[in-house]
Amino acid sequence: MLIPLILSGGSGTRLWPISRRNMPKQFLALAGQGTLFQQTIARTRQLPDVAAPIVVASEDHRFLAAEQLLEAGIEDGTLVLEPVARNTAPAIALGALEAIKRDPDALLLVLPADHMIGDTQTFAAAVAQALPLAMEGWLATFGIRPDRAETGFGYIRRGAALGAHGFQVERFVEKPDLATAQDYLADGSYDWNSGMFLFKAARYLEELEQHAPAMLATVRAAHASAHADLDFVRVDKDAFAKVPDDSIDYAVMEKTTRAAVIPVSCAWSDIGSWSALWLAGEHDSDGNLREGDTLVVNTHNSLLRSHERHLVATVGVDDLVVVTTPDATLVAHRDAAQDVKKIVEQLKAAGRSEHSVHRVVHRPWGSYDSLEAGERFQVKRIVVKPGAALSLQKHHHRAEHWIVVSGTAEVSCDDKVFLLGENQSTYIPLGSKHRLRNPGKVALELIEVQSGSYLGEDDIVRFDDVYGRA
């Protein structure tokens, strides 16, 4: 049984301000049809005899992953939640343990959720070429044939041939400087380390047992105490917090004698920075990648991305990245795109929220957009999906006014339950136990005006919640 294992725990800080902690790049539509996560899922569905995927995702992203799985037509996948981030080696171990529950001889196709592959047919052919090696017990990885001297990737040097398509890995090398990367390109025997793998789940656990036994023992303990919660597999947080933090490269692939590499040219990109997205995109006649409402005069080789209802105009500039969101604007030189993460570090150090949340925040029931805020008040646009409901809750420090813009709202306030239609409103007093539900078949949109001494999102006492957050 071939089981895709999708690793979806990344944060994508180099794609700020679009990618943020609570909405990282894998769940965004950056290029092509659907989000990167959904494109990864779709890619696996084109493989023959493939089983439902196993997804390992951050607990914070559980509803995003679940919703996007359903949108991709996957109803029988397994969603394993990491309570804390512990890098790729433990995440893959969790997936391997889940896969063995389905089939002791399961093959795992390990794919990061945030990569782009333009040539899916060539990628599928490479998977077929790797299958015999995986069946023989090799831990196969996919090496991307380099088309430029790239300093942002690790490299793999090919060794002795293994059949018609594979090679034994001679060595893994770290991200090189430019001169070394140029030497690798000229040498011809080096490939980019893609972070994609194919191997038997049991073989991976055997190698982990040999090279990182403490890691495997703690992952096993955490997985043994996992439990089902709604559509998720929840791993014990205290047990998983004890797991060593390490990548599969360091923990296993650089130590095993059974590492194989399949070279492939499949228009691959890890979309690791704005410059990488520019390289992967479709350019206009001046080399610009433009999305949204943009105007250009004498502008070349730039990436311009505007959010809804916001015009970006450039005059007389080259090689820039200009990205706008409702609450932040990034202007950077394309050659410095890797340093965007330093802005994220400054935001974290300053205690600001722009590194973690967007102005529009997605919830399992819908979304809210913080339109305005001031001393003792805040205004939000709230959208509730058909049939969805917020938790039964109360607030200690704020009251709320709700005005229905479109759709129908079912309001529970203390002992009263009533309906509101378009242009109708209600008042939720401070301390009242209340709930908002959309009983209709179209989205409910309303404006919420909060007033009080404290308006933080943590001023919520939940009594009941269909999403298990109470």
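So, how was this worked out
- Residues numbered from 1 in each chain as written.
- Predicted model: local features only at pLDDT ≥ 70, side-chain atom pairs only at ≥ 80, totals over all residues.
- Heavy atoms only, no water.
- UniProt positions renumbered as here; feature names shortened; annotations may be inferred.
- Helix = DSSP H or I, 4+ residues; strand = E, 2+ residues; numbered from the N terminus.
- Buried < 20%, exposed > 50% of the residue type's maximum accessible area, 1.4 Å probe, protein only.
- Axes fitted to C-alpha atoms, helices over the stretch in contact; angles between N-to-C directions.
- Parallel < 35°, antiparallel > 145°, perpendicular 65-115°, else oblique.
- Left-handed = near helix turned anticlockwise from the far one by under 90°.
- Contact = heavy atoms within 4.5 Å.
- Nonpolar A, V, L, I, M, F, W, Y, C, P; charged D, E, K, R; others polar.
- Core = buried A, V, L, I, M, F, W, Y, C linked by side-chain atoms within 4.5 Å.
- Polar contact = N/O pair within 3.5 Å; in protein donor to acceptor, adjacent residues only side chain to side chain.

(A) Inspection of the UniProt feature "domain: MannoseP isomerase/GMP-like beta-helix" (unreviewed entry) in the chain at higher detail. Annotation from UniProt places "domain: MannoseP isomerase/GMP-like beta-helix" (unreviewed entry) at residues 294–347. Taken as a whole, residues 294–347 contains 15% helix and 43% strand, while its terminal C-alpha atoms sit 27 Å from one another.

(B) Looking closely at helix α2 (residues 62–71). Taking burial as the measure, the 10 residues of α2 include seven buried ones, the bulk of the element. Among all positions in α2, only Arg62, Phe63, Leu64, Ala65, Ala66, Gln68 and Leu69 are buried. Looking one or two residues beyond α2, the residue adopting positive phi is Gly73, at roughly 85°.

(C) Geometry of the packing of helix α3 (residues 88–102) against helix α7 (residues 213–224). One can describe the packing of α3 onto α7 by two numbers: an axis separation of 10 Å at closest approach and a directional angle of 55°. The pairing of α3 with α7 is recorded here as oblique in orientation. For the pair α3 and α7, the crossing hand works out as right-handed. The segment α3 lies against α7, with Ala89, Pro90, Ala93, Leu94, Leu97, Glu98 and Lys101 engaging Met215, Val219, Arg220 and His223. Of the residues in the contact of α3 with α7, the class split is seven nonpolar, one polar and three charged.

(D) Main features of the environment of Ala72. With respect to the helices, strands and loops of the structure, Ala72 is situated in the loop between α2 and β3 (78–82). Accessibility expressed as a relative area gives 31% for Ala72, which makes it partly exposed. Put simply, Ala72 and Phe37 are 35 residues apart on the chain and 9.4 Å apart in space, counted from C-alpha to C-alpha. For Ala72, the residues in contact, after removing those within four places along its chain, are Gln38 and Ile41.

(E) Inspection of the nonpolar core at higher detail. Counting 89 residues, the largest nonpolar core has Phe37, Leu79, Phe142, Trp274 and Leu436 as its most contacted members. For this core, the leading source of residues is helix α4 (residues 120–135), giving six residues. Core analysis: the next-biggest nonpolar cluster, separate from the first, contains 44 residues, Val80, Leu97, Leu205 and Ile248 among them.

(F) The arrangement of the side chain of Gln393 in detail. Within the element layout of this structure, Gln393 appears in strand β23 (residues 392–394). For Gln393, a relative accessible area of 9% translates into the label buried. Separated by 3.3 Å, the side chains of Gln393 and His395 make a polar contact. Setting aside residues up to four positions removed in sequence, Gln393 forms contacts with Ser432, Lys433, His434, Ile460, Val461, Arg462 and Phe463.

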